[in-house]
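One-letter residues, chain by chain:
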Amino acid sequence: MSKSKTIYFCQNCGNQSPKWVGKCPVCNEWNTYVEEVVDKQEEKIKEKRGYALKKHEEAKPIPILEIHELETKRIDTLDTELNRVLGGGIVLGSLVLIGGEPGIGKSTLMLQLALQLKGVKVLYVTGEESDRQIKLRAERVGIKNEQCYLLTETNTQQIFKQAEALAPDIIVIDSIQTLHTVYVESPPGSVSQVRECTAELQRFAKESSIPIFLIGHITKDGMIAGPKVLEHIVDTVLQFEGDRNYTYRILRTAKNRFGSTSEIGIYEMVGEGLRPVLNPSEILLTQRENDLSGIAIAAMMEGMRPFLIETQALVTPAFYGTPQRSSTGFDGRRMNMLLAVLEKRASFRFGTKDVFLNIAGGLRVDDPAIDLAVIAALTSSYNDIPVSSKIAFSAEVGLSGEVRSVSRIDQRISEADKLGFDKIFISKFNQKIDLKKYNLEIVSISRVQQLMEQLYG
Ligand code: TYD
Ligand code: MG
């Protein structure tokens, strides 16, 4: 009798099915099922093993007051950006997934962390590169921590054995896709391997209280390969993103059991690794001598941080058939919506124009407060009249052309004020603002037409 059978797994959500299906009934994604060989005995092994590394002691209910706050103990990473996205440092016993496309800088970020934490014992486990390759990279980044250990290993049980012997303070695993456990037959990178290895790591982290960073590659369509499967197992998911052609990188919290998920960290990839960017506004505003048309500056928020960012638009006559619409860093559908608002409420004619929109620095912005700046950039390019580089914008625009209020307007205004802007356009519907607090002029408007009058007379 054969001992193995095949099961189909959804690579997006990890659902299993005995047959191949085109559309996953659970997550509704198409073409995500892959075949994997599963050993029938595997289940029995898991049963025998108690599905745990160590034998579980019988759990008993404990009064909540008697539970000690181990969780709040955090290790300072000495990296302001990483600390911020983790919610204030590394929580003991946590499992943190760092996802990102290949080449974005995940290994660099983690190696840098390992090398700068002076006096903290870090075990860097790699199945991706040889130790010599890592050494070369380490020399680029600079070795401050002599307590950084390298291990080239992909077998989870071996990793745990070495980790127990070394007793590090932090473990980094590069990457989940190279790991394999003896308890699962399918090859490394497959859904069942990835899932089982992550579960083992989670157990190890909890039992040993050693925090583990887990690097995971994201496939082209933006999922961590074998991916959503992991998100619910790990404690924290950090996404490392950015345009590879630009040097800026954003570290975003997608899930965090120990902090807020709205935080971001900004880095710049330089010759010596990743440099934390402390004042994002300065880099996101391009230096220019004269005011050019099609540029407007938005005062936006990412997490708790306000910064100013440039939106650039180009509106040109469309000579070839259907006009083009293209936007980078801003939702294309939202841009089409704003164009429609301008057509209907401010009599612009974009129907025969190509429209391009770009957010500076290769950033992707979801904050609706950028709407007003997008409108200003689009109309400025349309009219070929520059908007002064001393003016900032911060408001959402609704379907009827109304200018809507946004959250934390005070922080946005003071950031623009601090950077020496002369004027900021905001919504009239914001809560009361103490005008005397700021040096810059605050213009409150309620409709898009008012902005047009103010900017172009
Ligand atoms: P890497 O960390 O290997 O990416 P990942 O692990 O996410 O696949 O980063 C690779 C890129 O970073 C590579 O294209 C070179 C660049 N880089 C620098 O620009 N400066 C540096 O100091 C280092 C170490 C890498
Ligand atoms: Mg790597």
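Remember, predicted model here, so these are calculated numbers, not experimental data. Along each chain, residues carry numbers from 1 onward, in the same order as the chain's sequence is written. By the order in which they are written, chains take letters starting at A while ligands take numbers starting at 1. Residue-level local features of this predicted model are given only where pLDDT is at least 70; pairs of side-chain atoms are given and counted only at 80 or more, and the full residue set underlies all totals for whole chains, interfaces and linings. Values shown for side chains rest on all heavy atoms present in the structure; no hydrogens or waters enter the calculation.

Asks: If you had to explain the layout of surface pockets to someone new, which residues and values would you point to?
Replies: Counted as a void, the largest pocket has a volume near 370 Å³. Points on a 1 Å grid over protein atoms alone make up a cavity when a 1.4 Å probe fits among them but cannot get out, and a pocket when they form an open set with protein on both sides within 12 Å along at least five of seven lines; lining residues each have an atom within 4 Å of a point. Around the largest pocket, the lining comprises 17 residues; the ones closest to its centre are E101, E241, G242, D243 and R364. Helix numbering and strand numbering both begin at the N terminus, where a helix is a DSSP run of H or I of at least 4 residues and a strand a DSSP run of E of at least 2. Elements that contribute at least two residues to the lining of the largest pocket include exactly strand 11 (236-241) and strand 12 (248-256). For the lining of the largest pocket, the element with the highest residue contribution is strand 11, accounting for three residues. Grid points are joined across faces, edges and corners, and a volume is the space filled by probe spheres set on the points.

Asks: Requested: an account of the sheet that holds strand 14 (residues 273-276), with residues and values cited.
Replies: An order of 8-7-9-10-6-11-12-13-14 is seen for the nine strands of this open sheet, with the pairing classed as mixed. Each edge of the sheet is formed by a strand with only one pairing partner; in this case those strands are strand 8 (148-152) and strand 14. The mean inter-strand angle of the sheet, taken between neighbouring strand axes irrespective of direction, is 25 degrees. Only heavy atoms matter for contacts: two residues are in contact if any of them lie within 4.5 Å across the pair. The axes are straight lines fitted to the C-alpha atoms, using for helices just the contacting stretch, and the angles between their N-to-C directions are given from 0 to 180°. Helix 3 (residues 106-116) contacts strand 6 (95-100), strand 7 (122-126), strand 8, strand 9 (170-174), strand 10 (212-217), strand 11, strand 12, strand 13 (264-270) and strand 14 of the sheet and is inclined by roughly 165 degrees relative to strand 10. Across the sheet, helix 4 (residues 131-141) touches strand 7, strand 8 and strand 14, and the angle it forms with strand 8 is around 150 degrees. Here, strands pair whenever DSSP counts at least two bridges between them.

Asks: Break down helix 9 (residues 332-346) for me, with residues and values.
Replies: Under the convention used throughout, the expected extent of a helix is 1.5 Å for every residue step, that is, one less than its residue count. When the terminal C-alpha atoms of helix 9 are compared, their 20 Å separation across 15 residues agrees well with the 21 Å that a helix rising 1.5 Å per residue should span. Along its buried surface, helix 9 packs onto strand 17 (325-328), strand 18 (353-359), helix 10 (371-383), strand 20 (396-397) and helix 12 (448-456). Of the residues one or two after helix 9, S347 is the one with positive phi, at around 45 degrees.

Asks: Account for the pairing of strand 17, with residues named and values stated.
Replies: Two strands pair when backbone bridges link them, and strand 17 and strand 18 are joined in this way by four bridges, in the parallel orientation. Its bridge partner lying in strand 18, S326 is registered against F356. Running through helix 9, the crossover from strand 17 to the neighbouring parallel element strand 18 is left-handed. Looking down the strands as they point away from you, a crossover is right-handed if its path from the first strand over the helix to the second goes clockwise.

Asks: With reference to specific residues and values, describe the pattern of salt bridges.
Replies: A pair is scored as a salt bridge if a Lys or Arg side-chain nitrogen falls within 4 Å of a carboxyl oxygen belonging to Asp or Glu. For the structure on display, the rule yields 18 salt bridges. Between R334 and E396 there is a salt bridge whose closest N-O contact spans 3.8 Å. Within this pair, whereas R334 is found in helix 9, its partner E396 is found in strand 20, the two being separated by 62 residues in sequence. Exposure is judged per residue with a 1.4 Å probe applied to protein chains only, and the accessible area is read against the type maximum: over 50% gives exposed, under 20% gives buried, and values in between give partly exposed. Using a relative accessible area of 23% as the deciding quantity, one classes R334 as partly exposed. Of the charged contacts in the structure, one is a salt bridge between E343 and R349, with a shortest N-O distance of 3.3 Å. When its relative accessible area of 25% is taken as the criterion, E343 is described as partly exposed. Salt bridges here are not isolated pairs; linked through shared partners, they connect E241, R252, E302, R364 and D366.

Asks: Give me the lowdown on helix 12, citing residues and values where you can.
Replies: Looking at helix 12, one finds that the buried residues are V448, L451, M452, L455 and Y456. Along the axis of helix 12, the buried positions cluster into a sector of 100 degrees, meaning they face one direction only. Note on helix 12: the residue one or two positions beyond its end, G457, has a positive phi of about 70 degrees. As used here, the arc belongs to the directions running from the helix axis to the C-beta atoms.

Asks: Lay out the sheet that holds strand 17 in plain terms, naming residues and giving numbers.
Replies: Spatial ordering of the open sheet is given by 17-18-16-15-19-22-23, a layout of seven strands whose pairing is mixed. With one partner strand each, in any of the chains shown, strand 17 and strand 23 (441-445) form the two edges of the open sheet. Each adjacent strand pair in this sheet contributes to an overall mean axis angle of 25 degrees, direction not counted. As defined by bridge partners, strand 22 (residues 423-427) adjoins strand 23 across five bridges and the pair is classed as parallel. The partner of F425 across the bridge, within strand 23, is V443. Contacting strand 15 (295-302), strand 16 (305-317), strand 18, strand 19 (391-394), strand 22 and strand 23, helix 10 runs over the sheet at an angle of about 30 degrees to strand 16. Docked against the sheet, helix 11 (residues 409-418) engages strand 15, strand 16, strand 19, strand 22 and strand 23, running at close to 75 degrees with respect to strand 16.

Note that every value here comes from positions in space, so none of it alone points to a role or purpose.
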